[in-house]
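Remarks on the overall topology
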Amino acid sequence: MDGLTNSFGMNSAGSKKAIWMEKIKQEAAVEQARALIDKVSDNCFDKCVPKPGSQLSGSETTCINLCMEKYMDAWNVVSRKYIERIQARDI
Amino acid sequence: MDGSSSTPDINLNDLSPNDKKELQQFVTNEAQKAKIQSTVHYLTDMCWKRCITSRISSGSMDSYERPCMENCVDRYIDSQVAVLKHLDKLRNSS
C-alpha cells in the first residue's frame, strides 16, 4: 500500500525516498559498468595485444571487439551459474 | 554520472520513520546485489584465464569454453565448501 502511494508520488516524503533510491541504483550501475570495462580492458589487451606495436593493427582491433563480446558472454554464463548455486543454498 | 555528482537535494531527516526503514532495506538489498556482482566479476576474470586459452576468433564461447566456464564456477564453489568443511574438522579435532 505504502509502495503504491509512493510510486505515484502522492506524498512528498515518498518521492524524496524515490529520488534516493534512483540515485543509489544509478551509482550501482555506474560502478558495475566501470568494473566490467576494467576487466574487459585487462583481459582483452592481454589476449589481443601480446606484442604492442607502433599502432593498434586491424587484426588487433577486430580481436578486441570480439573479445569484448565474448567476455560479456562469459560474464553472463558465470552470473547465471553462480546465482544458481547461491539459490541452491549449497554454498 | 561522475563521482563528484552531489547527493539529492534533500535531507535524510525529512523522511518519515517508515520511509527511512524502507530506504535502509533498499540499501541493504542493493549492497547484497553489488556483492554478488563483484563475486561474478572475480569469477569471470579467474575462469576466463583458465578456460579461454586459444586465440579469440568469435564473439561467443565455443563448445569447449562454455562448459569449462560453468565447471570453473561450480568447482570453485565446491573448493570453497571443501575448505570450510576441512577447517571445521581441524578445529573440532584439536
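Rules behind the numbers
Residues numbered from 1 in each chain as written. Chains lettered and ligands numbered in written order. Predicted model: local features only at pLDDT ≥ 70, side-chain atom pairs only at ≥ 80, totals over all residues. Heavy atoms only, no water. UniProt positions renumbered as here; feature names shortened; annotations may be inferred. Contact = heavy atoms within 4.5 Å. Buried area = accessible area lost by both parts, 1.4 Å probe. Salt bridge = Lys/Arg side-chain N within 4 Å of Asp/Glu carboxyl O. Helix = DSSP H or I, 4+ residues; strand = E, 2+ residues; numbered from the N terminus. Nonpolar A, V, L, I, M, F, W, Y, C, P; charged D, E, K, R; others polar. pLDDT = per-residue confidence, 0-100. Core = buried A, V, L, I, M, F, W, Y, C linked by side-chain atoms within 4.5 Å. Buried < 20%, exposed > 50% of the residue type's maximum accessible area, 1.4 Å probe, protein only. Disulfide = S-S within 2.5 Å.

As named in an unreviewed UniProt entry, chain B is Mitochondrial import inner membrane translocase subunit, taken from Drechslerella dactyloides. According to the UniProt record, the Subcellular location (unreviewed entry) comment for chain B reads "Mitochondrion inner membrane".

For chain A, an unreviewed UniProt entry supplies the name Mitochondrial import inner membrane translocase subunit and the organism Drechslerella dactyloides. One UniProt comment on chain A, placed under Subcellular location (unreviewed entry), says "Mitochondrion inner membrane". The annotation that UniProt attaches to chain A under Subunit (unreviewed entry) is "Heterohexamer; composed of 3 copies of TIM8 and 3 copies of TIM13, named soluble 70 kDa complex. Associates with the TIM22 complex, whose core is composed of TIM22 and TIM54. Interacts with the transmembrane regions of multi-pass transmembrane proteins in transit."

**Let's talk about the interface of chain B and chain A**
If you look at the interface, chain B gives 45 residues, while chain A gives 41 residues. Buried surface at the junction of chain B and chain A, summed over both partners, amounts to about 4,300 Å²; 68% is from carbon and sulfur atoms. Across the pair A:Arg85 and B:Asp74 runs a salt bridge whose closest N-O atoms are separated by 2.9 Å. At the level of secondary structure, the elements contributing two or more residues to the side of chain B that touches chain A comprise α1 (17-51) and α2 (65-93) of chain B. Per-element accounting of the side of chain B that touches chain A gives the leading share, 17 residues, to α1(B). Residue classes in the side of chain B that touches chain A are distributed as 19 nonpolar, 15 polar and 11 charged.

**Examining the confidence of the model for chain A**
Residues with a pLDDT of 70 or more make up 82% of chain A, whose mean pLDDT is 87. pLDDT under 50 marks residues 1-10 of chain A. Its contacts with residues more than four places away, or in other chains, come to 12 contacts.

**Structural notes on the nonpolar core**
In this structure, B:Trp48, B:Met69 and B:Val73 are the most contacted members of the largest nonpolar core, which totals 27 residues. A total of 8 residues in this core trace back to one element, the largest contributor, which is helix α3 (residues 58-87) of chain A. Beyond its immediate sequence surroundings of up to four residues, B:Trp48 is in contact with A:Asn43, A:Lys47, A:Cys67, A:Lys70, A:Tyr71, A:Ala74, B:Leu43, B:Ile56 and B:Met69. If you look at the next biggest cluster of nonpolar residues, it comprises 5 residues, including A:Met21, B:Leu15, B:Leu23 and B:Phe26.

**What to know about the UniProt feature "domain: Tim10-like" (unreviewed entry) in chain B**
This chain's UniProt record puts "domain: Tim10-like" (unreviewed entry) on residues 25-88 of chain B. Between the first and last C-alpha atoms of residues 25-88 of chain B the distance is 33 Å; the span itself is 80% helix and 0% strand.

**Looking at the state of the cysteines**
All names here are of chain A. The tally for this structure, following the rule as stated, stands at 4 disulfides over all chains. Two residues, Cys-48 and Cys-63, share a disulfide whose sulfurs are 2.0 Å apart. When the S-S torsion is -70°, as for the bridge of Cys-48 with Cys-63, the disulfide is left-handed. Placement of the pair is Cys-48 in helix α2 (residues 12-48) and Cys-63 in helix α3, with a sequence separation of 15 residues. For the pair Cys-48 and Cys-63, a shared accessibility class is recorded, and that class is buried.

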